[in-house]
Structures are given as structure tokens and as C-alpha cells.
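Structural features, examined
Each chain, letter by letter, is given below.
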Amino acid sequence: MSDLSILYSPAPYHIISYGTLLGSSIYQSFINGIVSYRALSRPQFSTLQAALTPVYFALQTALPVIMALTYPGVKSPSSLGGITTEPSSLSGILQERNRWTVLAPIATVFALNAANLLWAGPVTTRIMKERKHQETRDGKKYYEQGPQSKEMQRLNRAFSRMHGVSALTNLVGLGITVWYGFLLAERLQ
């Protein structure tokens, strides 16, 4: 029978949290968003994204917290010939040697996703709703060819700007998540 002590270690939960963060980010950014955009009409796509993105950003914000709480520490040879183990969880990521390789990437990914959850996502959704109301006033969809009202032009620019900020924030977070995976793999060798 296998040893079940691994269930009491933070290590598997840290790896599962990391894998979920990376996998969901890649899936939402490069598969779900693109396939949905191509398969759905613009109104359907907007409705779907308005429902999915708050859940996605909440997950992407919670997972770095779980990663911080489940950081397993690292066992390494000591200068005295034995094995030393650094602390796990928050005390482990706050260790001097972990500030740039553990704390900085986890905290940065948390901050970027929290910014999307609490600021960029809601502002983008608000602009989408304003654009919908402006379509009613103008009698024309925001994406239809031909001249648009000044207000619709303003809303389209504002939406593009906020959507770009949100997408860039998401991609930077993904890049840092990948970088952290390489750092983690290196430390666990």
C-alpha cells in the first residue's frame, strides 16, 4: 500500500494550484476566447464574455493566494552534511532567498489578476453596457459600417483601450506564471 503522507504535504496542492492557474489562463486566452469569438455572433460573444470573465478573473486572483499558502519549501543539503528544509507556506515565500523567485512572481500575478477582477473587467463591462444603450439611441450597432455618433466613437475608443489593458495585464500575468513554473522546476530538481 502506498504512503498517504503526501496528502498532508503542501507540495501537491501547490503544484495543482499552479497547474490550474497556468492551464486556465492558456485555455481562456488562446482557446475559449478565440473559438467563442469565431463561433458566436457579436452579441452572443459579448454576453458569454460578460458572464465568464468575472469568474475567470476571480479564479486567477484566488489561485496565487492558494499557491502562497501551499508553498512547500525546498529541501537542500546543508553545509554540515545534513538536509535543511526551508519553511513552507507564507513564512517560506517571505524568506530572503525566495523574495524574487517565489514571492515576487506570485504577488505580481495576484496583483495583475486582482486589477482585472476589481477594475479593468468591471470598467470594460460598464462600457459594453453603455455602448448597448448608445446603439438604441443611435439605431445602429457599434460595429456596423458607416459613420458613428461622436458618443459611440468615444465609447468604442474607451472599450478598445480598456480591453487592451485587460488583455495585456492577462498576458503579462501568463508570462510571469510560466516563468514561475521554470523557477519552481529548477528548485525542485
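Computed from a prediction, not measured in an experiment: that's the story for all the values here.

So, how was this worked out
Residues numbered from 1 in each chain as written. Predicted model: local features only at pLDDT ≥ 70, side-chain atom pairs only at ≥ 80, totals over all residues. Heavy atoms only, no water. Helix = DSSP H or I, 4+ residues; strand = E, 2+ residues; numbered from the N terminus. Buried < 20%, exposed > 50% of the residue type's maximum accessible area, 1.4 Å probe, protein only. Core = buried A, V, L, I, M, F, W, Y, C linked by side-chain atoms within 4.5 Å. Salt bridge = Lys/Arg side-chain N within 4 Å of Asp/Glu carboxyl O. Axes fitted to C-alpha atoms, helices over the stretch in contact; angles between N-to-C directions. Parallel < 35°, antiparallel > 145°, perpendicular 65-115°, else oblique. Left-handed = near helix turned anticlockwise from the far one by under 90°. Nonpolar A, V, L, I, M, F, W, Y, C, P; charged D, E, K, R; others polar. UniProt positions renumbered as here; feature names shortened; annotations may be inferred. Phe/Tyr/Trp six-rings, centres within 6.5 Å; stacked < 30°, edge-to-face > 60°. Lys NZ or Arg CZ within 6 Å of the ring centre and 35° of its normal. Expected span 1.5 Å × (residues − 1). Contact = heavy atoms within 4.5 Å. Bend = angle between axes of the 7 residues up to and from the residue.

1. Points about the environment of Gln153
With respect to the helices and strands, the residue Gln153 is situated in helix α5 (residues 150-188). Judged by its relative accessible area of 31%, Gln153 falls in the partly exposed class.

2. Focus: the nonpolar core
Among the nonpolar cores identified, the biggest contains 17 residues, and Met67, Tyr71, Val102, Ile106 and Tyr180 are the most heavily contacted of them. Of all the secondary-structure elements, those providing two or more residues to this core are α1 (11-39), α2 (42-69), α4 (99-138) and α5. Membership of the second largest hydrophobic core comes to 7 residues, among which are Ala120, Val123, Ile127 and Leu155.

3. Brief notes about the pattern of salt bridges
Summed over all chains, the structure comprises 6 salt bridges. The closest approach of N and O atoms between Glu135 and Lys141, which form a salt bridge, is 4.0 Å. The partly exposed category is assigned to Lys141, whose relative accessible area is 29%. In this structure, Glu151 and Arg154 form a salt bridge, with 2.5 Å as the shortest nitrogen-oxygen distance.

4. Looking at the packing of α4 against α5
Between α4 and α5, whose axes approach to 8 Å, the crossing angle comes to 160°. Here α5 runs roughly antiparallel to α4, going by the angle between their axes. Viewed along their axes, α4 and α5 form a crossing whose handedness is left-handed. Broken down by class, the residue content of the contact of α4 with α5 amounts to 22 nonpolar, 13 polar and 7 charged.

5. Some points on the UniProt feature "transmembrane region" (unreviewed entry) in the protein
Taking the UniProt record as the reference, the feature "transmembrane region" (unreviewed entry) is found at residues 15-35, 47-71, 100-121 and 162-182. For residues 15-35, the end-to-end C-alpha separation is 28 Å, with 100% helix and 0% strand making up the annotated structure. Helix makes up 100% of residues 100-121 and strand 0%. Its end C-alpha atoms lie 28 Å apart.

6. Looking at the environment of Leu7
Turning to its location among the elements, Leu7 is positioned in the segment before α1. Between the C-alpha atoms of Leu7 and Pro147, which are 140 residues apart in sequence, the distance is 62 Å.

7. A closer look at the packing of aromatic side chains
Throughout the structure, instances matching the rule amount to 4 aromatic pairs. Ring geometry for Tyr56 and Phe57: centres 5.5 Å apart, planes at 50°, overall tilted. As far as the burial class goes, Tyr56 and Phe57 line up, both buried. It is Arg131 that lies over the ring of Tyr142; its NZ or CZ is 3.6 Å from the centre. A cation sits over an aromatic face here: Arg131 above Phe159, 4.2 Å from the ring centre.

8. Digging into α2
Taking 1.5 Å per residue, 28 residues should reach 40 Å; α2 reaches 40 Å between its end C-alpha atoms and fits that length. Taken residue by residue, α2 has Phe45, Ser46, Gln49, Thr53, Tyr56, Phe57, Gln60, Thr61, Leu63, Pro64, Met67 and Ala68 as its buried positions. Contact partners of the buried residues in α2: α1, α3 (89-93), α4 and α5.

9. Description of α4
At Asn116, α4 is deflected by roughly 45°, the largest bend along its length. Phi turns positive one or two residues past the end of α4, at Gly139, with a value near 70°.

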